[in-house]
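# Results of the structural survey
Listed below, chain by chain, are the residues.
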Amino acid sequence: MTSLPMPADEAEARAVQDTLRARVVLDEPGPPPGTGRVTGVDVAYDDERDVVVAASVVLDAATLDVVAETTAVGRITFPYIPGLLAFREIPTVLAALESLPVDPGLVICDGYGRAHPRRFGLASHLGVLTGLPVIGVAKNPFTFLYEQPGPHRGDRSPLLDGEEEVGRALRTQDGVKPVFVSVGHRTGLDNACAHTLLLARDFRQPETTRRADSLCRQALREATA
């Protein structure tokens, strides 16, 4: 994994994004859905104490059984700036991933990849630094536009910035709000949507995200008790 020093300010952070964005790999399809391992990463904050906790949960892609899980506790060292949230999370997320006893396989972020104003959200940032295939599955469309997909599981529609498709709105359960899937690194968009559907068997969000969210919240409670 590659590590970088924390940028000193907003301008430096944007320069880092510009440099790393050129390293994003978009011409690989990614691992076949339903095979190997998939890992969810998520973070929880205590802003009053400047504490951030990251969790990584590895699942068997076929059974969704937990293979391994880890957490890491860090300090918030970068301010809240829309479009630059990755800099608040990346160091602790990397620490959680590095402590896994197994290869994580495909990583799923609760956030964005290409669906980002600078085309470099957390999923892309994490992919470039780790070299792993990464996708972003977010709960809202950020600043982008889309037509509502059909009402059934698997229905989808383009997530658009002007005429550019930066991701897809994907219905993971009949009649529930869509999630927003975007490529991070070393995966294709069709493949990312297929993975998301397989991981969201019973709920709106992928099981990777649900388990990582629960684990990091529990770890934050313990870290700040």
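Since the structure is predicted, the reported quantities are computational estimates derived from the model, not experimental observations. Residue positions are counted from 1 within each chain, in the order its sequence is given. Predicted model: local features are reported for residues with pLDDT of at least 70 only, side-chain atom pairs are reported and counted for 80 or more only, and whole-chain, interface and lining totals are derived from all residues. Hydrogens and waters are ignored; side-chain quantities use all the structure's heavy atoms.

### Let's talk about the pattern of salt bridges
A side-chain nitrogen of Lys or Arg and a carboxyl oxygen of Asp or Glu constitute a salt bridge if their distance falls within 4 Å. If you walk through the whole model with that rule in mind, you get 15 salt bridges. Notably, a salt bridge pairs Arg-211 with Glu-207, separated by 3.3 Å at the nearest N-O pair. Pair noted here: Arg-211 and Glu-207 are both in helix H5 (residues 207–223), with a separation of four residues, about one helical turn. A relative accessible area of 14% places Glu-207 in the buried class. Put simply, Arg-114, Arg-119, Asp-161 and Glu-164 are held in one network by salt bridges that share partners. Helix and strand labels come from DSSP, where a helix needs a run of H or I of at least four residues and a strand needs a run of E of at least two; each type is numbered from the N terminus. Summary of the burial criterion: residues with accessible area below 20% of their type's maximum are buried, those above 50% are exposed, and those between are partly exposed, where the area comes from a 1.4 Å probe applied to protein chains only.

### Quick word on the side chain of Ser-157
Along the chain, the position of Ser-157 falls in strand E7 (residues 156–161). Using a relative accessible area of 8% as the deciding quantity, one classes Ser-157 as buried. A 3.5 Å cut-off defines polar contacts: any pair of N or O atoms within that distance qualifies, except that in protein one atom must be a possible hydrogen donor and the other a possible acceptor, and neighbouring residues in sequence count only when both atoms are side-chain atoms. Among the polar contacts listed, one links the side chain of Ser-157 to the backbone oxygen of Glu-147, at a separation of 2.4 Å. If near-sequence neighbours (up to four positions away) are discounted, Ser-157 is found in contact with Tyr-146, Glu-147, Gln-148, Pro-149, Gly-167, Arg-168 and Ala-169. Contacts are assigned to residue pairs with any non-hydrogen atoms lying within 4.5 Å of each other.

### Things to note about helix H3 (residues 122–130)
Note that an α-helix has 3.6 residues per turn; residues three or four places apart therefore point the same way. Burial analysis of H3 places nine of its nine residues in the buried class, the great majority of the element. Residues of H3 that are buried: Leu-122, Ala-123, Ser-124, His-125, Leu-126, Gly-127, Val-128, Leu-129 and Thr-130. On the buried face of H3, the contacting elements are helix H1 (10–21), strand E1 (37–46), helix H2 (86–98), strand E4 (106–109), strand E5 (134–138) and strand E9 (179–185). Phi for Gly-131, located one or two positions after H3, is positive at around 80°.

### Here's the deal with the packing of H2 against H3
To define axes, lines are fitted to C-alpha atoms, for helices over the stretch in contact only, and angles between the resulting N-to-C directions are given on a 0 to 180 degree scale. In contact at an axis separation of 11 Å, H2 and H3 are set at 45° when each is read in the N-to-C sense. On the basis of the axis angle, H2 is oblique to H3. For the pair H2 and H3, the sense of crossing is right-handed. Between H2 and H3, the residues in contact are Ala-86, Phe-87, Glu-89, Ile-90, Val-93, Leu-94 and Leu-97 and Leu-122, His-125, Leu-126, Leu-129 and Thr-130, respectively. Charged means Asp, Glu, Lys or Arg here, nonpolar means Ala, Val, Leu, Ile, Met, Phe, Trp, Tyr, Cys or Pro, and polar covers whatever is left, Gly included. Taken together, the residues that form the contact of H2 with H3 break down as nine nonpolar, two polar and one charged. Orientation is classified from the angle alone, with under 35 degrees giving roughly parallel, over 145 giving roughly antiparallel, 65 to 115 giving roughly perpendicular, and any other angle giving oblique. For any helix crossing, the convention is left-handed if the near helix is rotated counterclockwise from the far helix by under a right angle, and right-handed if that rotation is clockwise.

### Quick word on the layout of surface pockets
By volume, the largest pocket is sized at about 640 Å³. When contributions to the lining of the largest pocket are tallied by element, the ones reaching two or more residues are E1, H2 and H5. At five residues, the largest contribution of residues to the lining of the largest pocket is made by E1. Here the residues of the lining of the largest pocket are counted per class, giving 16 nonpolar, six polar and eight charged. In this analysis a 1.4 Å probe is tested at points of a 1 Å grid over the protein atoms alone, and where it fits but cannot get out there is a cavity; an open set with protein on both sides within 12 Å along at least five of seven lines is a pocket; lining residues have an atom within 4 Å of a point. Grid points are joined across faces, edges and corners, and a volume is the space filled by probe spheres set on the points.

### Quick look at the sheet that holds strand E2 (residues 51–60)
Note: two strands are recorded as paired if DSSP finds a minimum of 2 bridges between them. Taken in spatial order, the nine strands make up an open sheet running E3-E2-E1-E4-E5-E9-E8-E7-E6, and their pairing is mixed. The sheet is open, and its two borders are formed by strand E3 (66–75) and strand E6 (145–146), each paired with just one other strand. Where E2 lies against E3, nine bridges are found, and the strand directions are antiparallel. Its bridge partner lying in E3, Ala-55 is registered against Thr-71. Relative to E2, H2 is tilted by about 45°, and along the sheet it contacts E1, E2 and E3. Packed on one face of the sheet, helix H4 (residues 189–199) meets E1, E4, E5, E7, strand E8 (164–170) and E9 and runs near 15° to E8.

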